[in-house]
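Close look at the chain arrangement
Chain residues, written in single-letter form:
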Amino acid sequence: MKIKRNSFTTFILNAILTSIIAIVILVLPNTYETLSIIGYCIILLCIILYLKHRKAERLTFLVGILIVISFCFAISVCLNPYSTAFNWQVSLIDTKANIINAKNFLLLMYIFTIFIKKDKSIDTLEPVRYNNNFLIFTVGFIILILAFYYGIDKSIIGVYSSNTNPLYEYALVVYLFCWLYFDKKWAHGALLVYAILYCGQAILYGDRSSCFPMILLNMLLLWKRGYNMKYITLIGIGGIFFGNAIDIFRNSGTLFSLDVIKEVLDRGLFVNTISYSFYGGTQILRYGFNTVNNISHFFSYLAALFLGGGSDVTLTVIANANGFVNKGGGMSHIYFYYWFGYLGTIVFGLIIAKIINYACNHQNKIANILQIMIIIFLFRWFLYYPITFFRTAIIIPAILYVLCELFSNGIKNRRKG
């Protein structure tokens, strides 16, 4: 009886939440006044997500990052836009495209809030064991060295320079396979040294966004205890202050000074990466309002997903080339809306939620790999491009997993024979 009562209560609460979100998206006008309401709704979703998943093991880690990003977005972009916007962004705040952009962010977060779930039959996720294979580690480590030397532009020091070389990003995938398929202390020690050099190089040459996934990856690999939403949220907030400090250091050249500390505190939870990407998405929408080939672009993007490439179908690049100035990014939800409107945001949001549920609620090798990849690339696929989710976090790791398993099992069978 108690279970039925809880289910009925959940149904009623979900119905109320759905009604609120539907009214905001479909009824409220696409004007500046709606922006603050969207912000408060996003904060409400953050609270609900926190309460739902505060004890959900690795799902807690993923949801914790989503909460931090969304809360920062609500505070800066929705509630204080004119205080945080840069020069090229100010004129976009009160546009129809900007409000629709924010509504789509809200819609995607609503889908995640409702449909990302913990499997109640699994209390904890036990460690998954992989076959030890020195050759896999050796080949992988050679690839890591090549990525370190050739994967990042070293021509400019101390200023922001976005890393667009996929080799540097794919190094994270290879790093994970090296760690999992050769469980030796000296090998893990070598990988940790590599991770420190990798992050140091990313910060030195201006791409902190390459540094965070590597830090997050090693936290997931080394953190053996259960995950606590409170600590993860605090770590996320600390990461924001650290990232802002690095950004200010690059602009001023001084790290330890009262002025830097003051500016870090003044920024608070504002993250320029989020605002740059969001307003880039607004420019994509403004460009999209003037085009008629949005669906055909979807098939071009789909081809790039499986055949490689991506820069030539990146919407921020296309919009910028057509006079809609932006600094990159765009956020994944804008791609979905650009192709198929709100229906696209709903469908792709459900697909992503379904994949996340599988990865975070199963105890097998491939699920373990996918859940780690989805978490460490969350900044990129949520804030930048959907291709990072489907190709970098799902397709490439799945292919590498199959190859490693075939090779490892083949070696074992030969030894038995």
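Structure report, in brief.

1. Observations regarding helix H6 (residues 96-115)
For H6, spanning 20 residues, the distance from its first C-alpha to its last is 29 Å, which sits close to the expected 28 Å at 1.5 Å a residue. With 18 of 20 residues buried, H6 is to be regarded as a mostly interior element.

2. Looking at the nonpolar core
In terms of nonpolar packing, the biggest core is built from 129 residues, with Phe112, Tyr175, Ile356, Trp381 and Phe382 touching the most fellow members. Each residue touching tryptophan 381, except ones within four places of it in the same chain, is listed here: Phe112, Ser332, Ile352, Ile356, Ile374, Pro386, Thr388 and Phe389.

3. Brief notes about the side chain of threonine 345
Topologically, threonine 345 is positioned in helix H16 (residues 332-360). A polar atom in the side chain of threonine 345 sits 2.6 Å from the side chain of asparagine 104. Excluding anything up to four places from it in sequence, threonine 345 contacts Asn104, Leu107, Leu108, Ile111, His333, Phe336 and Tyr337.

4. Re the packing of helix H2 (residues 32-53) against H6
When two helices pack together, their arrangement is given by the angle between the helix axes and by the axis-to-axis distance. Running from N to C, H2 and H6 cross one another at 15°; their axes reach a closest spacing of 10 Å. Our classification of the angle between H2 and H6 gives roughly parallel. When the axes of H2 and H6 are compared, the crossing they make is left-handed. Residues Tyr32, Thr34, Leu35, Ile38, Cys41, Ile42, Leu45, Ile48, Leu49 and Lys52 of H2 lie in contact with H6, whose contacting residues are Asn98, Ile99, Ala102, Lys103, Phe105, Leu106, Met109, Tyr110, Phe112, Thr113 and Ile114.

5. Thoughts on the environment of valine 173
Within the element layout of this structure, valine 173 appears in helix H8 (residues 166-180). Expressed as a C-alpha distance, the spacing of valine 173 and methionine 373, which sit 200 residues apart in the sequence, is 7.4 Å. Setting aside residues no more than four positions away along its own chain, valine 173 makes contact with Met373, Phe377, Thr392, Ile396, Pro397 and Leu400.

6. Topic: the pattern of salt bridges
Overall, the coordinates contain two salt bridges when judged by the stated rule. With a closest N to O distance of 2.8 Å, glutamate 169 and arginine 380 form a salt bridge. A residue pair is termed long-range when its members are at least 10 positions apart, and glutamate 169 in helix H8 and arginine 380 in helix H18 (residues 378-383) qualify at 211 residues. Given the relative accessible area of 12%, arginine 380 is considered buried. Its salt-bridge partner being lysine 365, residue glutamate 405 comes within 3.4 Å of it at the nearest N-O pair. With a gap of 40 residues between them, glutamate 405 in helix H19 (residues 386-416) and lysine 365 in helix H17 (residues 365-376) connect regions that are remote in the sequence. For the pair glutamate 405 and lysine 365, one class covers both residues: buried.

Reading guide: rules and limits
- Residues numbered from 1 in each chain as written.
- Predicted model: local features only at pLDDT ≥ 70, side-chain atom pairs only at ≥ 80, totals over all residues.
- Heavy atoms only, no water.
- Helix = DSSP H or I, 4+ residues; strand = E, 2+ residues; numbered from the N terminus.
- Expected span 1.5 Å × (residues − 1).
- Buried < 20%, exposed > 50% of the residue type's maximum accessible area, 1.4 Å probe, protein only.
- Core = buried A, V, L, I, M, F, W, Y, C linked by side-chain atoms within 4.5 Å.
- Contact = heavy atoms within 4.5 Å.
- Polar contact = N/O pair within 3.5 Å; in protein donor to acceptor, adjacent residues only side chain to side chain.
- Axes fitted to C-alpha atoms, helices over the stretch in contact; angles between N-to-C directions.
- Parallel < 35°, antiparallel > 145°, perpendicular 65-115°, else oblique.
- Left-handed = near helix turned anticlockwise from the far one by under 90°.
- Salt bridge = Lys/Arg side-chain N within 4 Å of Asp/Glu carboxyl O.

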